[in-house]
Amino acid sequence: MSEPAPFITLENVAKTYGHGPDAVLAVSDVSFEIREGELLSLVGPSGCGKSTLLKILAELHDYDSGTVRIGNAASPFEPGRDVGMVFQQALLLKWRTITENVLLPAEILGLPMAASRERARDLLEMVGLAEVGDRYPYELSGGMQQRAAIARALVHNPKLILMDEPFGALDALTRERMNLELLKIWRESGKTIVFVTHGIHEAVFLGTHVAVLTAGPARMADHFAVDLPHPRRLDMKTTEAFGAYARRIYRLLGME
């Protein structure tokens, strides 16, 4: 059987901010493919254009050259409806309960609220927050707030989840736990995820595939599958197979 068509294709994408002598080349010649249900880790140094690529995928930014295709005949794509985003900060509205925060995209999109409220309850249970839906953000830890932000990104049932260093502000132990939580959520939801990080080990641990970007302007250094078993366990990080993937990225980024 032939492989399914890519859900996302980028070919030689470039993006420049500004014009003339003040122009800044943010992304240069980036190409990769993602199939539905994959989790792509997008890894590279700070300031290399990773967040710009996410905004291009969300159609929040245009691009100057190249090709971006999202969706296919079996799964057409509407960016306003089919993207969920998670940022480094949870960005929960402090005057709304956790359930009300999760429901926000459904309200904005005008979705039926009875069904959306039931989905929000299911999602809060999936992310381990079933008991705190009536609490306010200040009553939750940073990791719990990020889990609520992930539930919010899923409530309108998007096809694509874009995550911009969502665990970067968490302490190391909480970040490890959130990596495990994210993989559980990804398995249970079946969503396509693009996860931006500058953590090399995090990229390998999470990704079914890894795309490596050089220092800005972002240019593709490599794009490869991560052949590690699922479910992933933290002790995999001590294996030779895991170390080989990490060393491959270190070499590409000139860090060996």
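Residues numbered from 1 in each chain as written. Predicted model: local features only at pLDDT ≥ 70, side-chain atom pairs only at ≥ 80, totals over all residues. Heavy atoms only, no water.

This part takes up the nonpolar core. In this structure, Ile-150, Met-163, Ile-193, Phe-195 and Ile-249 are the most contacted members of the largest nonpolar core, which totals 48 residues. Looking at this core element by element, the count peaks at 6 residues for helix 6 (residues 142–154). Among residues more than four places away in sequence, those in contact with Phe-195 are Leu-39, Leu-40, Ser-41, Leu-42, Met-163, Pro-166, Phe-167, Leu-182, Glu-202 and Leu-206. Counting 30 residues, the second-largest nonpolar core is a separate cluster that includes Val-13, Leu-40, Leu-42 and Val-194. (Core = buried A, V, L, I, M, F, W, Y, C linked by side-chain atoms within 4.5 Å. Buried < 20%, exposed > 50% of the residue type's maximum accessible area, 1.4 Å probe, protein only. Helix = DSSP H or I, 4+ residues; strand = E, 2+ residues; numbered from the N terminus. Contact = heavy atoms within 4.5 Å.)

Applying the stated criterion to the full structure yields 3 aromatic pairs. On the numbers, 6.0 Å between centres and 80 degrees between planes, the contact of Phe-7 with Phe-77 is edge-to-face. Here the residue Phe-7 occupies a position in the segment before strand 1 (8–17), and Phe-77 occupies one in the loop between strand 4 (65–70) and helix 2 (79–82), the gap between them amounting to 70 residues. Assigned by exposure class, Phe-7 and Phe-77 land together as buried. When the ring centre of Phe-205 is taken as reference, the NZ or CZ atom of Lys-237 above it lies at 5.0 Å. For the cation-ring pair, Arg-248 lies above Phe-224, with the distance from its terminal atom to the ring centre recorded as 4.1 Å. (Phe/Tyr/Trp six-rings, centres within 6.5 Å; stacked < 30°, edge-to-face > 60°. Lys NZ or Arg CZ within 6 Å of the ring centre and 35° of its normal.)

A separate point is the sheet that holds strand 5 (residues 83–86). Ordered by their spatial adjacency, 6 strands build an open sheet running 5-6-7-3-8-9, and the pairing between neighbours is mixed. For this open sheet the edge positions go to strand 5 and strand 9 (220–225), each flanked by a neighbour on one side alone. Taking the axes of each pair of neighbouring strands and ignoring which way they run, one obtains an average angle of 15 degrees across the sheet. Sheet strands in contact with helix 7 (residues 172–189) are strand 3 (39–43), strand 6 (160–164) and strand 7 (192–197), and its direction is about 160 degrees off that of strand 7. (Pairing = 2+ DSSP bridges. Axes fitted to C-alpha atoms, helices over the stretch in contact; angles between N-to-C directions.)

Moving on: the confidence of the model for the protein. Atomic detail in the predicted coordinates should be set aside for any region of low pLDDT. The predicted model of the protein averages 92 in pLDDT, with 98% of residues at 70 or higher. Mean pLDDT values over the elements of the protein span from 87, in helix 2, up to 98, in helix 3 (residues 98–102). (pLDDT = per-residue confidence, 0-100.)

Here we come to the pattern of salt bridges. Summed over the entire model, instances satisfying the criterion amount to 12 salt bridges. In this structure, the salt-bridge partner of Glu-188 is Lys-184, at a minimum N-O distance of 3.3 Å. Of the two residues, Glu-188 and Lys-184 are both situated in helix 7; the distance of 4 residues between them amounts to about one turn of the helix. Judged by its relative accessible area of 48%, Glu-188 falls in the partly exposed class. The partly exposed category is assigned to Lys-184, whose relative accessible area is 29%. Among the ionic pairs, Arg-248 bridges to Asp-222, the shortest N-O distance being 2.9 Å. Placement of the pair is Arg-248 in helix 9 (residues 240–252) and Asp-222 in strand 9, with a sequence separation of 26 residues. The class for Arg-248 is partly exposed, based on a relative accessible area of 30%. Residue classification places Asp-222 among the buried residues on the basis of a relative accessible area of 19%. (Salt bridge = Lys/Arg side-chain N within 4 Å of Asp/Glu carboxyl O.)

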